[in-house]
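Next come the chains, spelled out residue by residue.
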Amino acid sequence: MSQFKKILLAYSGGLDTSAIIPWLKENYEGCEVVAFVADVGQGEEDLDGVEEKAIASGASKCIVADLKDEFVNDYVYPTLTTGAIYEGTYLLGTSMARPVIAKAMVEAAIAEGADAISHGCTGKGNDQVRFEGAVAALAPQLAIIAPWRIWDMRSREDLLAYLAERNIKTTASATKIYSRDANAWHISTEGGELESTWNEPSEQAWTWTVSPEQAPDKAETVSLTVEKGCIVAIDGQAMSPYQVLTTLNERAAKHGVGRVDIVENRLVGMKSRGCYETPGGTVMMAALRAVEELVLDKPTRAWRERVGAEFSHLVYDGRWFTPLCKALLASAEAIAEDVSGEVVLKMYKGQVTAIQKSSPNSLYSEEFATFGEDEVYDQSHAEGFIRLYSLASRIKALKNQQK
């Protein structure tokens with residue numbers, strides 16, 4: 001194997017990365033391993049004692065980077081303006097977090113003088129592409145080490161035995177029912193009974209939200225203020241993007257909002273099943289779309305939908321740091337210039353519905369839309385419009401009659 005002086009490892013404190021630290025030191029003799037932990041809002045439970053774990057596993061240093069605000073400000077909010085939803089259901093929670101982590105890792109690697117970056121992604125998943133694609137775009141001089149693609153360990157039992165042989169303590173056990181990934185935006189759950197698509201998810205598969213059946217029998221309403229495609233206040237109280245998200249997560253989770261159970265197409269070619277909980281994000285998406293209904297004309301809204309569809313694949317496939325990403329975000333930002341207003345949403349038994357909405361830029365007019373008598377729309381004008389609108393069909397039909 002090639003020799004490296006210093007390797008920066010994306011570290012979580014879990015079983016995989018705990019084994020990767022000693023493995024790197026053994027297989028790249030003389031190298032120093034620096035652990036890098038990204039705080040993207042996964043919670044204190046995941047971060048508690050993580051520095052001590054990294055050092056105990058053999059790392060020379062552990063960097064914990066607070067990326068919560070940057071994650072929501074620079075990745076979640078821009079994605080919301082595009083309306084991106086992967087394959088019509090997935091709100092891209094894991095996908096959006098990867099570029100902010102990769103960028104911070106690159107910055108840390110350069111600052112530390114590292115010549116390689118390592119990660120614990122498997123060769124079957126999307127994350128290996130997202131991380132390595134970002135590193136290639138930001139710092140192609142850095143080498144990538146992906147142990148799961150080259151070592152001979154294949155199971156949790158192998159990893160536990162490896163650590164036991166080296167007297168490295170771990171709280172992991174041989175049985176792990178689910179694989180979970182959390183950040184401020186969502187939590188994903190895979191594995192266990194979810195590996196069979198015929199199994200309904202048990203309540204153990206859900207961790208943030210209550211089941212809709214157990215949610216309160218009384219609906220709750222929340223008012224969101226939107227400025228240029230960004231939610232800036234809840235019930236009239238100004239908040240930062242991160243505060244908006246965490247506040248809505250708490251309020252929506254109580255009503256079972258934001259649960260999805262999907263089978264998605266991974267970038268690497270296989271399908272996977274996951275249960276995703278995005279309570280606050282589901283409310284935020286509903287609010288922005290409600291304001292769009294008022295202010296976007298038909299072709300602009302159609303274009304925004306195309307931008308969102310394309311952007312969902314771009315984010316999912318790990319292409320954030322590309323010219324196309326910049327172009328699509330610029331388009332979404334331009335469209336969002338008029339997306340301002342107030343929305344009241346009702347949360348009830350797993351559903352969120354916009355029940356009141358207004359905007360100073362609204363194109364909706366009661367005078368034009370009314371079925372009653374009005375003086376702003378001459379219905380006789382519709383005849384000429386319809387004749388011109390259907391002209392191509394009329395000409396085609398006449399040609400067919402002549403034949």
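All values reported here derive from a predicted model rather than from experimental measurement.

Asks: Just to check I follow, could you spell out a negative patch on the surface for this structure?
Replies: Together, Glu44, Glu45, Asp46, Asp48, Glu51 and Glu52 make up a negatively charged patch on the protein surface. Going through the elements one at a time, helix 2 (44-47) and helix 3 (50-56) are the ones with two or more residues in the negative patch. Tallying contributions element by element places helix 2 first for the negative patch, with three residues. Counting through the fold element by element, glutamate 44 comes out in helix 2. Looking at glutamate 44, the relative accessible area reads 67%, which means it is exposed.

Asks: Whenever I open this one, the environment of tryptophan 151 confuses me. Can you help?
Replies: Position of tryptophan 151 among the secondary structure elements: in the loop between strand 5 (143-145) and helix 7 (156-165). Sequence-wise, tryptophan 151 and isoleucine 20 are 131 residues apart; in three dimensions their C-alpha atoms are separated by 9.8 Å. When sequence neighbours within four positions are dropped, the list of residues in contact with tryptophan 151 reads Asp16, Ala19, Ile20, Trp23 and Leu159. Of the polar contacts made by the side chain of tryptophan 151, one reaches the backbone oxygen of methionine 153; its length is 3.3 Å.

Asks: I would appreciate a short explanation of the nonpolar core in the present structure.
Replies: One broad trend across soluble globular proteins is that nonpolar side chains are buried collectively. Ranked by size, the top nonpolar core spans 79 residues in total, and within it Leu8, Phe71 and Val283 carry the most contacts. Element by element, the count of residues in this core is highest for helix 5 (residues 93-112), at 10 residues.

Asks: What's the story with the pairing of strand 7 (residues 187-190) in this structure? I'm lost.
Replies: Regular strands show a simple pattern: their side chains alternate between the two faces of the sheet. Summarising the sheet, strand 6 (residues 179-182) and strand 7 pair through four bridges and their orientation is antiparallel. In the sheet register, alanine 182 faces strand 7, and the bridge partner there is isoleucine 187. Judged from the three bridges that link them, strand 7 and strand 12 (residues 271-277) form a sheet pairing that is antiparallel. Counterpart to isoleucine 187 in the pairing with strand 12 is glutamate 277.

Asks: Help me understand the packing of aromatic side chains in this model?
Replies: All chains considered together, the criterion is met by 10 aromatic pairs. Each ring, one from tryptophan 23 and one from tyrosine 28, has its centre 6.2 Å from the other, and the planes form 70 degrees; the classification is edge-to-face. The pair tryptophan 23 / tyrosine 28 is uniform in exposure class, with both members buried. Aromatic side chains tyrosine 75 and tryptophan 320 sit 4.9 Å apart centroid to centroid with 40 degrees between the ring planes, which places their arrangement in the tilted category. Taken as a pair, tyrosine 75 in helix 4 (residues 68-82) and tryptophan 320 in the loop between helix 10 (298-316) and helix 11 (323-335) lie far apart in primary sequence, 245 residues in all.

Asks: Just checking my understanding: could you explain the side chain of aspartate 127 for this structure?
Replies: If you trace the backbone, aspartate 127 turns up in helix 6 (residues 127-138). In this view, aspartate 127 contacts Thr94, Arg98 and Cys121; residues no more than four positions away in its chain are not counted.

Asks: Teacher, can you tell me more about the pattern of salt bridges here?
Replies: Proximity of charged atoms lets side chains of opposite charge pair with each other. Scanning the model with the defined rule gives 25 salt bridges in all. Where glutamate 293 meets lysine 357, a salt bridge forms, and the shortest distance between an N and an O atom there is 2.6 Å. Of this pair, glutamate 293 sits in helix 9 (residues 279-295) while lysine 357 sits in strand 14 (residues 351-358), placing them 64 residues apart in sequence. We note a salt bridge from aspartate 317 to arginine 319, for which the minimum N-O separation is 4.0 Å. In this structure, a network of salt bridges that share partners links the residues Lys6, Glu32, Lys61 and Glu112.

Asks: Would you take a moment to explain the sheet that holds strand 9 (residues 230-234) for this structure?
Replies: In sheet architecture, strand pairing relies on hydrogen bonds along the backbone and comes in two forms, parallel and antiparallel. Reading across from one edge, 10-9-8-13-14 is the order of the five strands in this open sheet, with antiparallel pairing throughout. In this open sheet, the two edge strands, each paired with only one partner strand, are strand 10 (237-238) and strand 14. Where strand 8 (residues 220-227) meets strand 9, four bridges bridge the pair, whose relative direction is antiparallel. Opposite glutamate 227, over in strand 9, you have cysteine 230 as the bridge partner.

Asks: Would you explain helix 4 in this entry?
Replies: Every α-helix carries 3.6 residues per turn, so stepping three or four residues along brings you back to the same face. The first and last C-alpha atoms of helix 4 sit 21 Å apart over 15 residues, in line with the 21 Å expected at 1.5 Å per residue. Among the 15 residues of helix 4, 11 are classified as buried, and the element is accordingly described as predominantly covered. Those residues of helix 4 not exposed but buried are Lys68, Phe71, Val72, Tyr75, Val76, Tyr77, Pro78, Thr79, Leu80, Thr81 and Thr82. Residue glycine 83 follows helix 4 closely and has a positive phi angle near 75 degrees.

Asks: I keep staring at the sheet that holds strand 7 and nothing clicks. Help me out?
Replies: Strands sit in the order 6-7-12-11 across an open sheet of four strands; the sheet is antiparallel. Strand pairing shows two members of the sheet lacking a second neighbour, strand 6 and strand 11 (259-265), which therefore form its edges. Pairs of neighbouring strands in the sheet enclose a mean axial angle of 25 degrees, with direction left out of account.

Asks: Mind showing me how you'd approach the pairing of strand 13 (residues 341-348) here?
Replies: Relative to strand 13, strand 8 runs antiparallel, the two being bridged by seven bridges. Within strand 13, the position partnered with glutamate 220 by the bridge is methionine 347. With seven bridges connecting them, strand 13 and strand 14 associate as antiparallel partners. Its bridge partner lying in strand 14, valine 343 is registered against lysine 357. Counting the residues that bridge the hairpin from strand 13 to strand 14 gives two residues, and of these lysine 349 lies at a positive phi of roughly 50 degrees.

Criteria and cut-off values
- Residues numbered from 1 in each chain as written.
- Predicted model: local features only at pLDDT ≥ 70, side-chain atom pairs only at ≥ 80, totals over all residues.
- Heavy atoms only, no water.
- Patch = residues over 30% accessible without salt bridge, like charges linked within 9 Å, V, L, I, M, F, W, Y side chains within 5 Å.
- Areas by Shrake-Rupley, 256 points an atom, 1.4 Å probe, with all protein chains shown as cover.
- Salt bridge = Lys/Arg side-chain N within 4 Å of Asp/Glu carboxyl O.
- Lys, Arg positive; Asp, Glu negative; His and termini not counted.
- Charge placed at Lys NZ, Arg CZ, Asp CG, Glu CD.
- Helix = DSSP H or I, 4+ residues; strand = E, 2+ residues; numbered from the N terminus.
- Buried < 20%, exposed > 50% of the residue type's maximum accessible area, 1.4 Å probe, protein only.
- Contact = heavy atoms within 4.5 Å.
- Polar contact = N/O pair within 3.5 Å; in protein donor to acceptor, adjacent residues only side chain to side chain.
- Core = buried A, V, L, I, M, F, W, Y, C linked by side-chain atoms within 4.5 Å.
- Pairing = 2+ DSSP bridges.
- Phe/Tyr/Trp six-rings, centres within 6.5 Å; stacked < 30°, edge-to-face > 60°.
- Expected span 1.5 Å × (residues − 1).
- Axes fitted to C-alpha atoms, helices over the stretch in contact; angles between N-to-C directions.

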